[in-house]
Amino acid sequence: MRILIVGPPGAGKGTQAALLSEELGVAHISTGDIFRAHVEGGTELGRQVKKYLDAGTLVPDEVTNAMVAQQLTEDVCRVGFLLDGFPRTVRQAKVLEALLRDRDCEIDTVLAFDVPEDQVLKRLLARGRADDTEDVIRHRQQLYREETAPLLDFYADRLITVPAVGPVPEVTSRALDALRTRA
Ligand code: ADP
């Protein structure tokens, strides 16, 4: 299975992606996690991307696309993957399509986590990640509305909307049920 997870900041994408990929036996690839690991490890890539993560703006495409291309090996395509945080724009989605075409595979399903914006601010402030300050969160929300939400139309033929409010295990079951119905 080759799945994308899309959702606004604070929708619980990361948490669900980890649980779902484990359950489904596919690779979990989170662009946000990979960038943060590089920042923490003090690598050259980490030094390049830190300012974007801190400001809640998008890392430039040439950096992000190269990183994703490296992650999505033919093996990963064969085993299946759950991609979390990429694509974040229609431009990136087109790059992904081309990349997958080269590797002879395609996205089966796009899970869209749906959560009202006013419910996530509190969650994110409580989490307290370095980019979880009120101004930066609002900026990430705005970017989501303007740049990422159009992906829901782009992938309309493969979209499953998952209501993401409620206890973590319930949201996971909802997503798994939806995937099974679809399969
Ligand atoms: P969230 O969705 O909660 O905002 P993520 O962990 O997905 O958190 O992303 C954190 C940050 O990593 C983003 O604000 C951005 O700076 C960077 N990032 C992640 N994915 C991408 C991407 N596809 N393109 C550009 N930047 C990205």
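Being a predicted model, the structure only gives us computed values, none of them experimental.

**Observations concerning the overall build of the chain**
So, step 1. For the chain, the helix and strand inventory stands at 10 helices and five strands.
So, step 2. The C-alpha atoms of the chain give a radius of gyration of 16 Å, which matches the 16 Å a tight globule of 183 residues would have.
So, step 3. A separation threshold of at least 6 residues defines the contact pool for the chain, and within that pool the share at least 24 residues apart is 73%.
So, step 4. Separation between the mean location of the 23 positive side-chain charges and that of the 29 negative ones in the chain comes to 2 Å.

**Observations regarding the pairing of strand S1 (residues 2-6)**
So, step 1. Across the five residues that make up S1, a large majority, five, are buried.
So, step 2. Residues Arg2, Leu4 and Val6 point to one face of S1 and Ile3 and Ile5 to the other, with burial holding for every one of them.
So, step 3. Where S1 lies against strand S3 (residues 81-84), four bridges are found, and the strand directions are parallel. Paired with Leu4 across the strands is Leu83, a residue of S3.

**Concerning the state of the cysteines**
So, step 1. Going through the model one piece at a time under the given rule, you end up with zero disulfides.
So, step 2. Free cysteine Cys77: the closest other cysteine sulfur is in Cys105, separated by 3.2 Å.
So, step 3. Owing to a relative accessible area of 11%, Cys105 belongs among the buried residues under this scheme.

**Structural notes on helix H3 (residues 44-55)**
So, step 1. Of all the positions in H3, only Leu45, Gly46, Val49 and Leu53 are classed as buried. For H3, the arc enclosing every buried residue in end-on projection is 90 degrees, short of the 170-degree limit, so these residues lie on one face. Within H3, the exposed residues directed more than 90 degrees away from the buried face are Arg47 and Lys51.
So, step 2. One or two positions beyond H3, positive phi appears at Gly56, with a value near 70 degrees.

**Remarks on the packing of helix H2 (residues 31-41) against H3**
So, step 1. The interhelical angle for the contact between H2 and H3, taken along N-to-C directions, is 115 degrees, at an axis separation of 8 Å. Here H2 runs over H3; the crossing is left-handed. Taken together, the residues of H3 that come into contact with H2 (itself represented by Phe35, Arg36, His38 and Val39) are Leu45, Gly46, Val49, Lys50 and Leu53.
So, step 2. The residue inventory of the contact of H2 with H3, partitioned by class, reads five nonpolar, two polar and two charged.

**A few points about the side chain of Thr89**
So, step 1. Topologically, Thr89 is positioned in the loop between S3 and helix H6 (90-102).
So, step 2. With a relative accessible area of 2%, Thr89 lands in the buried category.
So, step 3. Residue contacts for Thr89: discarding those within four places in its chain leaves Leu58, Glu147 and Leu151.

**Considering the sheet that holds S3**
So, step 1. Pairing within the open sheet is parallel, and its five strands lie in the order S2-S3-S1-S4-S5. Because the sheet does not close on itself, it has two edges, and the strands there are strand S2 (27-30) and strand S5 (159-163). Taken pair by pair, the neighbouring strands of this sheet meet at an average axis angle of 20 degrees, ignoring direction.
So, step 2. Strands in contact with H2 are S2 and S3; relative to S2, the strand with the most contacts, it is inclined by about 65 degrees.

Criteria and cut-off values
- Residues numbered from 1 in each chain as written.
- Predicted model: local features only at pLDDT ≥ 70, side-chain atom pairs only at ≥ 80, totals over all residues.
- Heavy atoms only, no water.
- Helix = DSSP H or I, 4+ residues; strand = E, 2+ residues; numbered from the N terminus.
- Rg over C-alpha atoms; globule rule 2.2 N^0.38 Å.
- Contact = heavy atoms within 4.5 Å.
- Lys, Arg positive; Asp, Glu negative; His and termini not counted.
- Charge placed at Lys NZ, Arg CZ, Asp CG, Glu CD.
- Buried < 20%, exposed > 50% of the residue type's maximum accessible area, 1.4 Å probe, protein only.
- Pairing = 2+ DSSP bridges.
- Disulfide = S-S within 2.5 Å.
- Arc of directions from axis to C-beta.
- Axes fitted to C-alpha atoms, helices over the stretch in contact; angles between N-to-C directions.
- Left-handed = near helix turned anticlockwise from the far one by under 90°.
- Nonpolar A, V, L, I, M, F, W, Y, C, P; charged D, E, K, R; others polar.

Just distances and angles here, no functional claims.
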